[in-house]
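# Descriptive structure summary
Residue-level listing of the chains:
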Amino acid sequence: MPSILDIPELSLSGSTGGLVRLPPGVDAPVTPRVRQLIDTAEFRRLASISQLGLVGLIYPGARHTRFEHSLGVYNVAIEYLRQLAGDERFAAVVGPEDAELLLVASLLHDLGHWPFCHAIEDMGLPGVPEHEMFANSFLLEGEVADTLRDDWGVQPRDVLAMLSGKPSDRTGRLLRSILSGPIDVDKVDYLMRDSLHSGVPYGQNFDRSRLIGSLCVNEAGDGLAITDKGKTAAEMMVFARYVMFSEVYWHHAVRSATAMLQRAFFLTRANLDLDALFRTDEAPFVAMMNEAAGDGPAAELLGGLFGPSRRLYKRLAQYSYFEDPQLYGRLARRPYAWLARCAEEFAAVSSKALSRVVAPHEVLFDAPPAELEVEFNVEVCFPKQGVYRALGDISPMVRTLAREQFDDYVKRVRIFVHPSLAGPMRELRSLPVLLAEAIDRVG
Ligand SMILES: Nc1nc2c(ncn2[C@H]2C[C@H](O)[C@@H](COP(=O)(O)OP(=O)(O)OP(=O)(O)O)O2)c(=O)[nH]1
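Naming follows an unreviewed UniProt entry, where the protein chain appears as Deoxyguanosinetriphosphate triphosphohydrolase-like protein of Pseudobythopirellula maris.

This is the structure in structure tokens:
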């Protein structure tokens with residue numbers, strides 16, 4: 001019977017040729033058909049899109065690209081498959097063709113990403129597609145589609161379905177859980193890689209080989225699970241993600257830069273050709289936004305991010321769920337347009353209080369988006385007892401993070417102001433009153 005271990009990308013690992021070296025010193029196998037895919041214009045585009053976007057303004061080493069990450073995810077997928085090939089229940093339903101589809105999907109999972117994608121997607125504006133859907137245009141036509149059909153014998157639609165669909169069959173759900181779930185191949189790579197390049201230890205502090213060595217199939221046979229020997233590694237991975245959000249992705253200065261970009265996008269969106277913008281890479285993306293901004297207010301915001309001098313807005317106040325649940329509740333998960341109106345009203349009431357002009361774009365409100373990051377639903381198998389338990393049921397740490405909504409703790413509500421306003425506005429005794437007045441005005 002053909003085994004998934006015989007597919008070229010799995011059998012080739014360990015040989016000396018056809019390898020690409022990835023930080024931190026890992027070799028990923030590059031077979032001729034993998035090379036065909038990664039040399040296409042669609043895939044090369046990812047080499048000019050940074051993985052963490054504006055994070056590079058705060059952590060200077062964080063300049064790695066979606067290209068590097070995609071190869072990293074593909075390599076993790078190989079490690080997962082090699083482990084799972086030894087699991088009888090996995091091998092019974094996942095054949096070599098399914099495994100090849102998974103490899104291709106892991107390599108291409110970020111094809112629809114555009115520069116600063118998370119910041120723009122989080123705004124939830126009408127007309128902005130999800131990047132998984134935007135991948136359609138790159139996957140269904142052009143060089144990638146041809147290579148998939150000709151060199152892999154894979155239908156582009158099947159890759160798309162695996163990346164963005166909700167599979168109805170068991171094998172589809174099992175493969176999908178490897179790509180998207182609490183211990184998916186994407187998270188295993190990005191936590192380590194983002195942490196490595198940012199220069200912080202948090203995302204690297206889980207035992208990746210122990211986790212991979214414990215992978216198995218869940219009780220229903222339609223999802224990834226771990227055996228009890230991987231429990232600690234899985235707990236630490238969940239915790240690593242929490243800390244990476246707190247220290248990197250939602251670091252206050254990263255959020256200042258993100259809020260600046262979001263407002264600039266909001267102000268210029270009517271003048272932007274979104275389809276062209278999202279198809280391009282970072283340098284032309286910024287150029288297109290600059291052009292759309294002209295000499296309007298967005299130009300100042302963009303200048304502080306991408307101009308010769310770095311000029312980030314300053315934090316005036318911040319409110320987490322535990323510090324001020326009431327105010328947090330009023331501002332978190334609200335539509336972006338509503339938040340922008342609040343900021344404009346706050347600029348107006350502050351103008352009066354300070355007796356000086358505070359321009360609407362000089363105040364930014366940043367708040368957690370509607371979509372939650374929670375991903376804890378993984379089963380742990382106890383082979384000796386023959387039982388499966390949810391990780392949250394056997395780990396107080398994971399249970400707490402799930403119950404308390406880690407989004408509420410790592411994603412704060414923040415108010416940023418133009419640097420020239422930070423001093424005078426911090427002196428304002430009536431800040432909470434002004435803030436309440438601004439929110440009440442918007443209703
Ligand atoms: N999920 C998420 N990732 C962020 C955020 N800010 C920066 N990132 C970085 C961390 C990773 O390098 C990368 C994860 O995004 P992807 O689009 O690759 O995956 P996805 O949205 O499925 O992330 P997830 O698995 O849900 O964490 O983006 C954010 O606000 N949310």
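## Let's talk about empty space enclosed by the protein
The tally for this structure, following the rule as stated, stands at three cavities of 30 Å³ or more. If you add up the space inside the largest cavity, you get close to 50 Å³. Taken together, P182, K187, M237, V238, R241, E375 and F376 make up the full set of residues lining the largest cavity. Each residue belonging to the lining of the largest cavity can be placed in one class, and the counts come to four nonpolar, no polar and three charged. Listed by contribution, the elements that provide at least two residues to the lining of the second largest cavity are α15 (252-268), α20 (336-354) and β6 (363-366).

## A word on the domain arrangement of the protein chain
Taken domain by domain, the protein chain consists of domain 1 (4-250) and domain 2 (252-370 + 410-442). Here the C-alpha centroids of domain 1 and domain 2 sit 33 Å apart. The interface of domain 1 with domain 2 comprises 28 residues on the first partner and 33 residues on the second. Buried area between domain 1 and domain 2, summed over both chains or domains, comes out near 2800 Å², and the portion from carbon and sulfur atoms is 74%. Interface area lost by domain 1 to domain 2 is led by L57, M123 and W250, which between them contribute 29%. Remark: the boundary between domain 1 and domain 2 carries zero salt bridges. Remark: the boundary between domain 1 and domain 2 carries eight residue pairs in polar contact (both at pLDDT 80 or more).

## Brief notes about a positive patch on the surface
On the surface, a cluster of positive charge is made up of R310, K314, R315 and R426. You can see R426 is positioned in helix α24 (residues 419-427). Here R426 falls in the partly exposed class, since its relative accessible area comes to 47%.

## Topic: the environment of S246
With respect to the secondary-structure elements, S246 resides in helix α14 (residues 231-249). Sequence separation between S246 and K352 is 106 residues, and the spatial gap between their C-alpha atoms is 35 Å. Residue contacts for S246: discarding those within four places in its chain leaves H251 and V410.

## Considering the site of the ligand
Around the ligand lies a shell of 17 residues, among which Q51, H113, H118, Y190 and D194 are the nearest. Residue R66 places a side-chain N or O atom 3.1 Å away from an oxygen atom belonging to the ligand. Residue R241 places a side-chain N or O atom 3.0 Å away from an oxygen atom belonging to the ligand. When the ligand sits alone it has 580 Å² of accessible area, and the protein chains cover 87% of it. Going through the elements one at a time, α7 (117-122), α12 (185-198) and α14 are the ones with two or more residues in the shell around the ligand. In terms of residues, the shell around the ligand owes the most to one element, α12, which gives four residues.

## Here's the deal with the nonpolar core
Soluble globular proteins tend to pack their nonpolar side chains together in the buried interior. In this structure, Y80, F90, L139, V159, F265 and F278 are the most contacted members of the largest nonpolar core, which totals 124 residues. At 10 residues, helix α4 (residues 66-84) tops the list of elements feeding residues into this core. Here this core spans two domains, and each of domain 1 (4-250) and domain 2 (252-370 + 410-442) adds at least three residues to it. Among all residues touching F90, those that are not within four sequence positions of it are I4, L81, L84, A85, L174, L175, I178 and V217. Listed in part, the 32 residues of the second largest apolar core include L327, F346, V349 and A367.

Thresholds, definitions, all that
Residues numbered from 1 in each chain as written. Predicted model: local features only at pLDDT ≥ 70, side-chain atom pairs only at ≥ 80, totals over all residues. Heavy atoms only, no water. 1 Å grid on protein atoms, 1.4 Å probe; cavity = no way out; pocket = protein on both sides within 12 Å on 5 of 7 lines; lining within 4 Å. Points joined across faces, edges and corners; volume = space filled by probe spheres on them. Nonpolar A, V, L, I, M, F, W, Y, C, P; charged D, E, K, R; others polar. Helix = DSSP H or I, 4+ residues; strand = E, 2+ residues; numbered from the N terminus. Domains from an automatic or database assignment. Contact = heavy atoms within 4.5 Å. Buried area = accessible area lost by both parts, 1.4 Å probe. Salt bridge = Lys/Arg side-chain N within 4 Å of Asp/Glu carboxyl O. Polar contact = N/O pair within 3.5 Å; in protein donor to acceptor, adjacent residues only side chain to side chain. Patch = residues over 30% accessible without salt bridge, like charges linked within 9 Å, V, L, I, M, F, W, Y side chains within 5 Å. Areas by Shrake-Rupley, 256 points an atom, 1.4 Å probe, with all protein chains shown as cover. Lys, Arg positive; Asp, Glu negative; His and termini not counted. Charge placed at Lys NZ, Arg CZ, Asp CG, Glu CD. Buried < 20%, exposed > 50% of the residue type's maximum accessible area, 1.4 Å probe, protein only. Near = heavy atom within 4 Å. Core = buried A, V, L, I, M, F, W, Y, C linked by side-chain atoms within 4.5 Å.

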